[in-house]
Amino acid sequence: MVVSGGDRDSNVERYLVMVGGALYWSKVSPPLNTTYQIINCIAFLFGLALLSWKLFFVASFTMSRDPLVVGRVVGDVLDPFIRAASMSVIYNNKEVTNGSELKPSVVAREPRVEIEGYDTRTYYTLVMIDPDAPSPSNPTKREHLLWLVTDIQEKTTANYGNEVVSYESPNPTAGIHRIVFVLFRQSIRQTIYAPGWRQNFNTRDFAQYYDLGPPVAALYFNCQRENGCGGRRSVASGRN
């Protein structure tokens with residue numbers, strides 16, 4: 001499942017194709033003048049209604065279980081998008097999974113970010129942010145920019161890209177913070193300038209300004225201060 005909707009979009013497309021076929025059939029078929037034709041028509045419409053309900057239910061259920069949706073990365077940071085690339089984030093030879101817990105000491109140095117693929121003519125932009133700064137309950141600095149790398153070739157790592165903003169290790173002082181990696185596929189190679197400050201960065205506005213389009217991959221982990229233990233991530237309601 002894609003965040004927000006890859007499978008849902010494809011299901012909708014199939015649904016529309018079926019509806020279009022039904023409309024076409026209703027126009028070109030002969031008049032329903034027999035009991036057999038009427039029964040077939042009713043069965044077809046019933047099957048179509050059942051299928052549309054099933055697709056809607058499956059899509060809604062799958063989306064509700066997507067970790068980026070559950071973790072409110074989609075909503076607080078990103079709009080729903082279709083995952084179209086494979087990105088791996090590795091700290092100390094350990095691959096990060098959505099929602100995993102990492103301490104500041106583990107993420108003190110920049111990770112190895114790998115982008116799978118075979119087309120070295122394709123380039124990506126990587127954004128790493130903290131949407132919970134300075135605290136999840138009062139994120140007045142949302143989003144805090146931690147890292148920005150452009151012109152990363154497919155099949156390589158972020159180390160081979162153009163580092164626009166140097167890596168800043170996450171160091172939460174209050175609460176459990178989400179640390180989010182967002183990957184964009186570039187349509188062109190262009191000059192991207194470092195913002196004047198790291199706080200109150202906006203990934204949506206950044207992507208729109210440089211015409212990057214929607215993300216193609218995203219990943220996040222949770223981080224709290226080194227001696228922090230357990231607890232719940234208290235979040236502010238709404239968007240900042």
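This structure is a prediction, so every number in the text was calculated from the model and none was measured. (Residues numbered from 1 in each chain as written. Predicted model: local features only at pLDDT ≥ 70, side-chain atom pairs only at ≥ 80, totals over all residues. Heavy atoms only, no water.)

Caption draft 1: Local environment of the nonpolar core. Membership of the largest hydrophobic core comes to 26 residues, with the highest contact counts inside it found for M87, Y91, L126, W147, F181, L183 and F221. Contributions of two or more residues to this core are made by strand 1 (87–91), strand 4 (112–115), strand 5 (123–130), strand 6 (144–153), strand 8 (177–186) and strand 9 (217–223). Each residue touching L126, except ones within four places of it in the same chain, is listed here: M87, V113, W147, L148, V149, I152, A158, F181, V182 and L183. (Core = buried A, V, L, I, M, F, W, Y, C linked by side-chain atoms within 4.5 Å. Buried < 20%, exposed > 50% of the residue type's maximum accessible area, 1.4 Å probe, protein only. Helix = DSSP H or I, 4+ residues; strand = E, 2+ residues; numbered from the N terminus. Contact = heavy atoms within 4.5 Å.)

Caption draft 2: Seen up close, the side chain of T125. Secondary-structure assignment places T125 in strand 5. A polar contact of 2.7 Å, which involves the side chain of T125, links it to the side chain of Q186. Discounting residues that sit within four places of it in the chain, T125 has contacts with L148, V149, T150, D151, V182, L183, F184, Q186, I192, F206 and L212. (Polar contact = N/O pair within 3.5 Å; in protein donor to acceptor, adjacent residues only side chain to side chain.)

Caption draft 3: The pattern of salt bridges, seen in detail. Per the counting criterion, the structure on display carries 10 salt bridges. Close ionic contact of R178 with D76 constitutes a salt bridge, the shortest N to O distance being 3.0 Å. Of this pair, R178 sits in strand 8 while D76 is found in helix 4 (residues 73–76), placing the two residues 102 residues apart along the sequence. Grouping residues by exposure puts R178 and D76 together as buried. D79 is paired through a salt bridge with R204; the nearest N and O atoms lie 3.0 Å apart. Of this pair, D79 sits in the loop between helix 4 and strand 1 while R204 is found in helix 5 (residues 203–209), placing the two residues 125 residues apart along the sequence. The class for D79 is partly exposed, based on a relative accessible area of 38%. Salt bridges linked by common partners bring R72, D76, D132, R142 and R178 together as one network. (Salt bridge = Lys/Arg side-chain N within 4 Å of Asp/Glu carboxyl O.)

Caption draft 4: Spotlight on the packing of aromatic side chains. Counting across every chain of the model gives six aromatic pairs. Judged by centre distance (5.4 Å) and plane angle (85°), the rings of W147 and Y167 are edge-to-face. Of this pair, W147 sits in strand 6 while Y167 is found in the loop between strand 7 (162–165) and strand 8, placing the two residues 20 residues apart along the sequence. Like W147, the residue Y167 is buried in the burial classification. Among the aromatic residues, those joined into a cluster by ring pairs are F201, F206, Y209 and Y210. Stacked on the ring of Y123, the Lys or Arg R189 has its end atom at 4.3 Å from the ring centre. (Phe/Tyr/Trp six-rings, centres within 6.5 Å; stacked < 30°, edge-to-face > 60°. Lys NZ or Arg CZ within 6 Å of the ring centre and 35° of its normal.)

Caption draft 5: Representation of the confidence of the model for the protein in the model. Confidence in the prediction of the protein, expressed as mean pLDDT, is 82, and 70% of residues score 70 or more. Throughout residues 55–63 the model reports pLDDT below 50, and contacts reaching past four residues in sequence, or to other chains, amount to eight contacts. Segment residues 234–240: pLDDT under 50, and 20 contacts once partners within four positions in sequence are set aside and those in other chains are kept. (pLDDT = per-residue confidence, 0-100.)

Caption draft 6: Quick peek at the sheet that holds strand 1. Taking strand neighbours across the sheet as the criterion, the three strands line up as 2-1-4 in an open arrangement whose pairing is antiparallel. On the outer flanks of this sheet lie strand 2 (94–95) and strand 4, each paired with one strand and no other. Bridge count for strand 1 against strand 2 is two bridges, and the pairing is antiparallel. Of the residues in strand 2, the one forming a bridge with I90 is E95. (Pairing = 2+ DSSP bridges.)

Caption draft 7: Geometry of the sheet that holds strand 5. Strand order in the open sheet formed by six strands is 3-9-8-5-6-7, and the pairing between neighbours is mixed. The open sheet terminates on both sides in strands that have one partner only, identified here as strand 3 (100–101) and strand 7. Where strand 5 meets strand 6, seven bridges bridge the pair, whose relative direction is antiparallel. What sits directly across from D130, in strand 6, is H144.

Caption draft 8: Representation of the environment of T125 within the structure. For T125, a relative accessible area of 0% puts it in the buried group. Between the C-alpha atoms of T125 and L212, which are 87 residues apart in sequence, the distance is 8.5 Å.

Caption draft 9: Structural view of the pairing of strand 4. Residue alternation in strand 4 divides its side chains into a buried set, V113 and I115, and an unburied set, R112 and E114. As paired elements, strand 1 and strand 4 share four bridges and run antiparallel to each other. By the bridge assignment for strand 4, I90 is matched with R112.

Caption draft 10: Layout of the environment of N227. Note that N227 resides in the segment after strand 9. The class of N227 is exposed, set by a relative accessible area of 64%. Between the C-alpha atoms of N227 and K103, which are 124 residues apart in sequence, the distance is 8.7 Å.

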